[in-house]
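Observations on the model geometry
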Amino acid sequence: MSIETISLSGRKKVVSNKEMTFIERLYLVAIVKGLAITLKHLFRKKITIHYPEQVREMSPVYRGQHMLKRDEQGRENCTACGLCALSCPAEAITMKAAERKPDEKHLYREEKYASIYEINMLRCIFCGLCEEACPKDAIYLTTSKVLVPASYEREDFIFGKDKLVMPLEMAIKNSQLNNAN
């Protein structure tokens, strides 16, 4: 048995080097096939939307900008366990834990809190694994259509707690909606 006859996949093809005919060298058949495809697409319904007037419907699994949740009393849910940073495949999340002081009970729920919580939006792939890993349901990806504003500076893409923590009014409104349900 020679090496030319062995085929591991069983789909071995023999390729011949035969000379092309005059008609094959003109490529008329290939050109006609290409024109047929173009004409077929020319008469199809257009899928383009006129953006300002029409808004495309978002997918039900869409994940937008990150937000750190607060409870109904305005305290942060995050306990700086670091599971979100560990689960992030892009290594976009960094945090530093600190101990809560006695006069900060109105700010944080647990004894530990994240004194520094940053997400590098240039690295983030919006996969949602941080949201799934969080045991306290402290971080979630919103359905907001605003993702990351454009900028020329790298530092503008590192979102700290000032951009990530849920506004107090929104936390109070969410608690009222949960109590009504």
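Predicted, not measured: the structure shown is a model, and the values here were computed from it. Numbering of residues begins from 1 in every chain and follows the order in which that chain's sequence is written. For this predicted model, a pLDDT threshold of at least 70 governs which residues receive local features, and a threshold of 80 or more governs which side-chain atom pairs are given and counted, while totals over whole chains, interfaces and linings are taken from all residues. Excluding hydrogens and water, the side-chain values take into account all heavy atoms of the structure.

A look at the packing of aromatic side chains
Note the cut-off: Only rings of Phe, Tyr and Trp enter the pairing, Trp through its six-membered ring, and a pair is recorded when the two centres are within 6.5 Å. The plane angle decides the type: under 30 degrees is stacked, over 60 is edge-to-face, the rest tilted. Under the scheme applied here, a residue whose accessible area is under 20% of the maximum for its type counts as buried, over 50% as exposed, and between as partly exposed, the area being computed with a 1.4 Å probe on protein chains only. For a Lys NZ or an Arg CZ to count as sitting over a ring, it must be within 6 Å of the ring centre and within 35 degrees of the ring normal.
The tally for this structure, following the rule as stated, stands at 1 aromatic pair. Summarising the aromatic geometry, the rings of Y108 and Y113 are spaced 3.8 Å apart at their centres and angled 10° between planes, so their arrangement reads as stacked. Both residues of the pair, Y108 and Y113, belong to the buried class. The ring of Y140 has K69 lying over it, and the distance from NZ or CZ to the ring centre is 5.1 Å.

With respect to the nonpolar core
To be explicit about the condition: Only buried residues count toward a nonpolar core. Its members are Ala, Val, Leu, Ile, Met, Phe, Trp, Tyr and Cys residues joined through side-chain atoms within 4.5 Å. To qualify as a helix, a DSSP run of H or I must reach at least 4 residues; to qualify as a strand, a run of E must reach at least 2; elements of each kind are numbered from the N terminus. Throughout, a contact is declared for two residues whenever any of their heavy atoms are within 4.5 Å.
With 22 residues, the main nonpolar core has I93, Y117, I119 and I139 as its most contacted residues. Those elements that provide at least two residues to this core are β3 (112-120) and β4 (139-141). Considering every element that reaches this core, the biggest residue donor is β3, with 3 residues. Here I139 is in contact with H66, M67, L68, Y117, I119, C130, E131 and C134, once residues within four sequence places are set aside.

Concerning the sheet that holds β3
The line we're drawing: DSSP bridges decide pairing: two strands pair if at least two such bridges lie between them.
The 3 strands are arranged β2-β3-β5 in an open sheet whose pairing can be described as antiparallel. Each end of this open sheet is capped by a strand with a single partner; those strands are β2 (93-99) and β5 (158-159). Two strands pair when backbone bridges link them, and β3 and β5 are joined in this way by 2 bridges, in the antiparallel orientation. For I119, the partnering residue across the bridge sits in β5 and is F159.

Some words on the layout of surface pockets
Stated precisely, the cut-off is as follows: Residues are said to line a cavity or pocket when one of their atoms sits within 4 Å of a point; the points come from a 1 Å grid over protein atoms alone, cavities being sets where a 1.4 Å probe fits but cannot get out and pockets being open sets with protein on both sides within 12 Å along at least five of seven lines. Grid points are joined across faces, edges and corners, and a volume is the space filled by probe spheres set on the points. Three categories are distinguished: nonpolar for Ala, Val, Leu, Ile, Met, Phe, Trp, Tyr, Cys and Pro, charged for Asp, Glu, Lys and Arg, and polar for the others, with Gly belonging to the last.
In this structure, the largest pocket encloses a volume near 210 Å³. Every residue lining the largest pocket is counted, 14 residues in all, and those nearest its centre are K69, R70, N174, S175 and N178. At 5 residues, helix α6 (residues 168-180) tops the list of elements feeding residues into the lining of the largest pocket. Along the lines of polarity and charge, the residues of the lining of the largest pocket split into 3 nonpolar, 5 polar and 6 charged.

A closer look at the environment of C88
Inspection of the secondary structure puts C88 in the loop between α3 (83-87) and β2. Sequence separation of C88 and E24 is 64 residues, and the distance between their C-alpha atoms is 54 Å.

Considerations on the pattern of salt bridges
Just so we agree on the cut-off: Only one rule defines a salt bridge in this text: a Lys or Arg side-chain nitrogen within 4 Å of an Asp or Glu carboxyl oxygen.
Under the counting rule described, the total for this entry stands at 4 salt bridges. Ionic pairing is found between K69 and D137, a salt bridge with its closest N-O pair at 2.8 Å. Of this pair, K69 sits in the loop between β1 (66-68) and α3 while D137 sits in the loop between α4 (129-133) and β4, and the two are 68 residues apart along the sequence.

Re the UniProt feature "binding site: [4Fe-4S] cluster 2" (unreviewed entry) in the protein chain
Let me state the cut-off plainly: UniProt positions are given in the numbering used here, feature names are shortened, and annotations may be inferred rather than shown by experiment.
In the numbering adopted here, UniProt assigns the feature "binding site: [4Fe-4S] cluster 2" (unreviewed entry) to C88, C124, C127 and C130. Taken together, the annotated residues stretch across 43 residues yet fold into one region, lying no more than 10.5 Å apart by C-alpha. Checked against the element boundaries, C124 lands in the loop between β3 and α4. Relative accessible area serves as the criterion here: at 14%, C124 is assigned to the buried category. Each residue touching C124, except ones within four places of it in the same chain, is listed here: H66, A92 and I119. Counting through the fold element by element, C130 comes out in helix α4. Beyond its immediate stretch of four places on either side in the chain, C130 contacts H66, C84, S87, I93, I139 and L141.

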